[in-house]
Amino acid sequence: MKNIFKNNIVLSLCLGLCPILAVSNNFEAAYLMGICVLVVLLLSNTIISLIRKLIPENIIIPSYILIIATLVTVIEILVNKFIPDLYNSIGLYLSLITVNCVIFGRAISYASKNTVFKSIIDALTIGIGYLLVISFIGLIREFLGNNTITLIDKTSEILNLPRMIYRIVPNSTYFPINLFQISAGGFIILGIIIAIFNKVKEKTKNE
Amino acid sequence: MKKLQLVSKRAEHNYTLQKFLKPHFVYIPLIVQNNTNVVCEVKVDEYVYKGQVVGSFNENFTLKIHSSVSGTVKEIKKMRLYNNELVKCIVIENDFKENTKYNEKNIKKISDYSKEEFIDNIQNAGIIGMGGAGFPTYFKYKSDNINTLIVNAVECEPFISSDHTLILNNCEEILEAVDSIMEINNISKCYIAIKDIYSDLKFEFDKYIGTYPNIELFFTKNYYPAGWEKNLIKDIMHIEYNNLPIEKGIVVNNVSTIYAIYESLKYNKPSIERIITVSGNLVKDTNILIKIGTTIKELIDFIGMKETKKLKVIVGGPMMGKTVSSLDIVITKNVNSIILSDEEVYNKEVNCLKCGKCSDVCPSKLCPVLIMENLENKDELLKLQPNKCIECGLCSYICPSKILLRDKVIEAKQVLRGDKK
Amino acid sequence: MKTITENGPFIKSKNSTTKMMRNLLIALVPIILFSFYYNGIRLYNLKAISLIEMFKPLLLILVGTLTSFLIEVIYALIIKNKKPFEYSFYSYSIFPGLFLSLIVPVNTPLILLIMAVCFGVIFGKIVFGGFGKNIFNPALVGYLFIFVCYSSTLTSSLDAISTATPLANLKGFDYVGTYNDLVLPYNSIFDLILGFKGGALGEISGLLCIIGFIYLTITKVIKYKIPCTYILTVFIMTTIIALTNNMGLWYPLLHIFSGGLLFGAIFMATDPVTTPITSFGQIVSGILMGIITVICRSLIPGLVEGVMLSILSVNLLVAILDNIGVKVKFNIKKCIIPLVILILLVITLSLYIGLSKVKTSKKDTPSLEIIETIKNNDKTTYTLYSKGYSGKIKLKVTFNKDNINSIEILEHQESEFIPKVVSSGLIDSLVSSNGDTSKVDSVSGATFTSKYLKETINALSKHHRGA
């Protein structure tokens, strides 16, 4: 659908950049964060569109934030219980989902005005778009910056699967490049991806 | 602002005055200060005398336009002027008899005029600024509080030497005219500004200037644009003004205009002739006295020019002049130089280096490179004040990347103007 | 006859961008030749390096220049330009690579240089639109890449050509330092000025940089106001620091001639594209660069070179400085407030730095890094690391009861100093001193190495007797 590719929330609207830059130096953390955002988005869109007619106009902002904060806290507690390693590494950014523009923006602009079914579809597509982008960037950053690809590391206990950490090319003094581990490298990768995305969009528009 | 000396290789100036006073046709343009609302006072097939009024203009100032030869009016047709615009002109066929109605031999003491008579006289003689701007001269003298007169004989553009030739030939008359103007208008002091490298002018002036205690020579350095009004007043009197020098009681006149005033006060002769310089690598350097309204083509036929395939005709000096598209251009009162050359000046343009040389040399303290970057942004353009540009061309001259900066600033002026309209 | 219409002035000045760049190259040639001599030929004569390694400086410059030229050629091919070599030439693409190869340490591996040049040219020049449109100096962006990612690689490289720079020496002390500590290693302040010290290719000779600056100012190639105010600010600030600590004129001169300050101020800070256009903007940028350099060198721990950071930070502020500069041009009275603020900042910061530094060092015993101890009846052999001038020195000291039997140097990184120390007999005097090294004379020209060796032997014998 359109929301996944053409109007991708990160690449064309540039929202929700904070977790992308901070969390995505590890592929597993990236896709887990994406899944968390997807879950929160789904639940918040559903709830908000269910009760959209009950909230008066002038208190929608505090009430939406209250709903989103509650959902985020629940998710945080669940993650802390079941995957404590993950909570140790990205726990801070989980709390920051509360003020993530993606969730709040969709709540205000879409869920408060449309039916439940449409809101669920919207949340799914936006969330999948976000998940794809953050995982892709996580993949590149981890490969370039750390020379590994981590598929399952912190969730191995709960899923009863072995750890899967793959080293790609043999280590040398010049590779991996340290720059991509820090946020500066994240910005650069994000910039390159947005540039390529815009170029492809322009080409398909001309055709 | 750095004071820049222009470097250009050229032949020696030739200060002997030639005369070309017999053109076949004379085209009198009916235009005053870009305003074509001039009333034509003659009809086709009418006989006109030399010096007769053929047009008058009566809007924000009053000015008369005269015929420079005697002969018959052939037609009224549109001809091109030096700025490539088509303007209605009265075409007069010369009968070479030089019949006049004003008395060429009338000699009257020119300091006997009163101020009102003086202003009437130069207004009726149709005298406008002959340094290039073309502002009606009588208007400058209307005020009662003039305390200084500055005669601008600097001629800062290279290649031009018409004022120089005029001074070498008519120095005594010019000084007499200045003295009379000062007496008529109660002006206490006069400065004549010339470049310090011209020692022959100094010698010529020193012969006569002793008898005039209130006239002083001022020597400017050999930089460009030393003859700009603001620079001149700042150098001589250390005063800055806002719009016009008359606010501070100063009147600035070109030396050719002073000579025209002399001829009008002494012989009642209107402004119908002037000296221009013809230079360039296709002709010998010439200073020639011509009748107003001659076409360039007739002038070139008189002087003689080398054959070439690609001709560039530049009206004005090499810095501020413009090329014209054909040889049928009418020479008007404010043209002081024609350059005929076929030299290539085009250089390959590269990206701007942001070296800052254009900002260093601009006499109006502008930054052309920033103006060029902000052509679309009107708020930023207002802060950069491109309207102060005098279009001297120094920025394009000095740019190492050979970018035509002056054209960009002119474009910026148009952007700002287009907005206001 | 055909008449041509053309715009603009019909006489043009003789200078052009290509001529300016040519003059810049001419000014760089003496520096390159001198550093080739100092880092290559002289060390080869001292038999410290091999013949192939002697040409390393020239190879570095060649590789850097060629890489940056080729990157622009590739870019021109990608955007389907018809004449890629001409595009690359008129985009003056050799300069980022050339400058970068002159400011990296001499022992930089070539692959690292190529990666840094690629990064610098792509993210410092091409993404902004090519020549004339970049905000940051591309050579410094490449240097930043090396600094962020590979600083550990550079310092741990065991190449024998590297020697510590006077700036690293400055940072080695947490107090202000005395003449003996900072200048004597280089014999005198004049040697420092003339350039007989270690460092990257461009940093070595301060005098040749100044001669290059005079040449470039006469031919009107660079914006001369920036280096003048930059160096003047650094001079004033370090003079105030020196005055508050009773040090002589050598301290400001040491600061000016050490590190990449002169080279950076004259060649990199005056890059025309990334610096302000107006005179006032240039003066203010010079002052700001000076302030940031002195702050980085004195106040921020862990940072050795401040020139790169200061130039990059001021590159960000160019648009604001030009805005103010335009206003000052129209009305000169508007320059008073910013200048007063800056002068106050200069004075207060230098007073703060000068008064807050500790006067003398704490007397601390050097901690011993003993790798292994072998006890064999009366003989004990210690293998340990001693602090050295450009790195650690591995020693093997044998004790016979309580007297030192022999001292053997296993590994070192002091290409110049250890031969001097050995040939002057310091090792023998250390052996015969039996641990009481206060009477042993240091070797002139290798002050630090001698000092560290003495301290280590002293501490080791105390440890041995105490154990």
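The structure this text deals with has already been given above.
Bear in mind that the values here come from a model prediction, so they are computed numbers and not experimental data. (Residues numbered from 1 in each chain as written. Chains lettered and ligands numbered in written order. Predicted model: local features only at pLDDT ≥ 70, side-chain atom pairs only at ≥ 80, totals over all residues. Heavy atoms only, no water.)

Looking at the packing of aromatic side chains
When we look at a pair of aromatic rings, we describe it by the centre distance and by the angle of the planes. Taken as a whole and judged by the stated rule, the model has 23 aromatic pairs over all chains. Plain terms: the ring middles of Phe-119 of chain C and Phe-123 of chain C are 5.0 Å apart, the flat faces sit at 45 degrees to each other, and that makes the pair tilted. You can see Phe-119 of chain C and its partner Phe-123 of chain C sitting in helix 6 (residues 110–126), four residues apart, about one turn around the helix. Look at Phe-119 of chain C and you get buried, because its relative accessible area is 14%. In this structure Phe-123 of chain C comes out as partly exposed when scored by relative accessible area, which is 27%. One aromatic cluster is present, formed by Phe-57, Phe-61, Phe-135, Tyr-138 and Phe-139 of chain B through successive ring pairs. Positioned above the aromatic ring of Phe-82 of chain A is the side chain of Lys-81 of chain A, whose terminal nitrogen or guanidinium carbon lies 5.2 Å from the ring centre. The cationic tip of Lys-348 of chain B hangs over the ring face of Tyr-90 of chain C; the distance from NZ or CZ to the ring centre is 4.9 Å. (Phe/Tyr/Trp six-rings, centres within 6.5 Å; stacked < 30°, edge-to-face > 60°. Helix = DSSP H or I, 4+ residues; strand = E, 2+ residues; numbered from the N terminus. Buried < 20%, exposed > 50% of the residue type's maximum accessible area, 1.4 Å probe, protein only. Lys NZ or Arg CZ within 6 Å of the ring centre and 35° of its normal.)

Some remarks on the side chain of Asn-254 of chain B
Residue and element names in this part refer to chain B. Relative to the assigned elements, Asn-254 resides in strand 12 (residues 250–254). Within the structure, Asn-254 has its side chain in polar contact with the side chain of Asp-163 (distance 3.5 Å). At 2.8 Å, the side chain of Asn-254 forms a polar contact with the backbone nitrogen of Ser-256. Not counting chain neighbours up to four residues away, the residues in contact with Asn-254 comprise Met-130, Gly-131, Asn-152 and Asp-163. (Polar contact = N/O pair within 3.5 Å; in protein donor to acceptor, adjacent residues only side chain to side chain. Contact = heavy atoms within 4.5 Å.)

Here's the deal with the pairing of strand 13 (residues 273–279) of chain B
Residues and elements named next belong to chain B. The buried fraction of strand 13 is high, at seven of seven residues. Alternating residues of strand 13 divide into Glu-273, Ile-275, Thr-277 and Ser-279 and Arg-274, Ile-276 and Val-278, and every residue in both groups is buried. Relative to strand 14 (residues 286–291), strand 13 runs antiparallel, the two being bridged by six bridges. Within the sheet, the bridge partner assigned to Ile-276 lies in strand 14 and is Ile-288. Hairpin connection between strand 13 and strand 14: a loop of six residues separates the two successive antiparallel strands, and Gly-280 in this loop has a positive phi of roughly 120 degrees. Both strand 13 and strand 17 (residues 337–341) contribute to a ladder of three bridges, which runs parallel. Paired with Ser-279 across the strands is Ile-339, a residue of strand 17. (Pairing = 2+ DSSP bridges.)

Considering the sheet that holds strand 11 (residues 215–220) of chain B
Residue and element names in this part refer to chain B. Across the sheet, four strands lie side by side as 11-10-9-12; this open sheet has parallel pairing. Two strands bound the open sheet, and with one partner strand each, they are strand 11 and strand 12. Averaged over all pairs of adjacent strands, the angle between their axes in this sheet comes to 25 degrees, without regard to strand direction. Sheet analysis places strand 10 (residues 189–195) next to strand 11, joined by six bridges and oriented parallel. Bridge pairing links Cys-190 to Ile-215 in strand 11. (Axes fitted to C-alpha atoms, helices over the stretch in contact; angles between N-to-C directions.)

Limitation: the analysis is restricted to geometry and does not speak to function.
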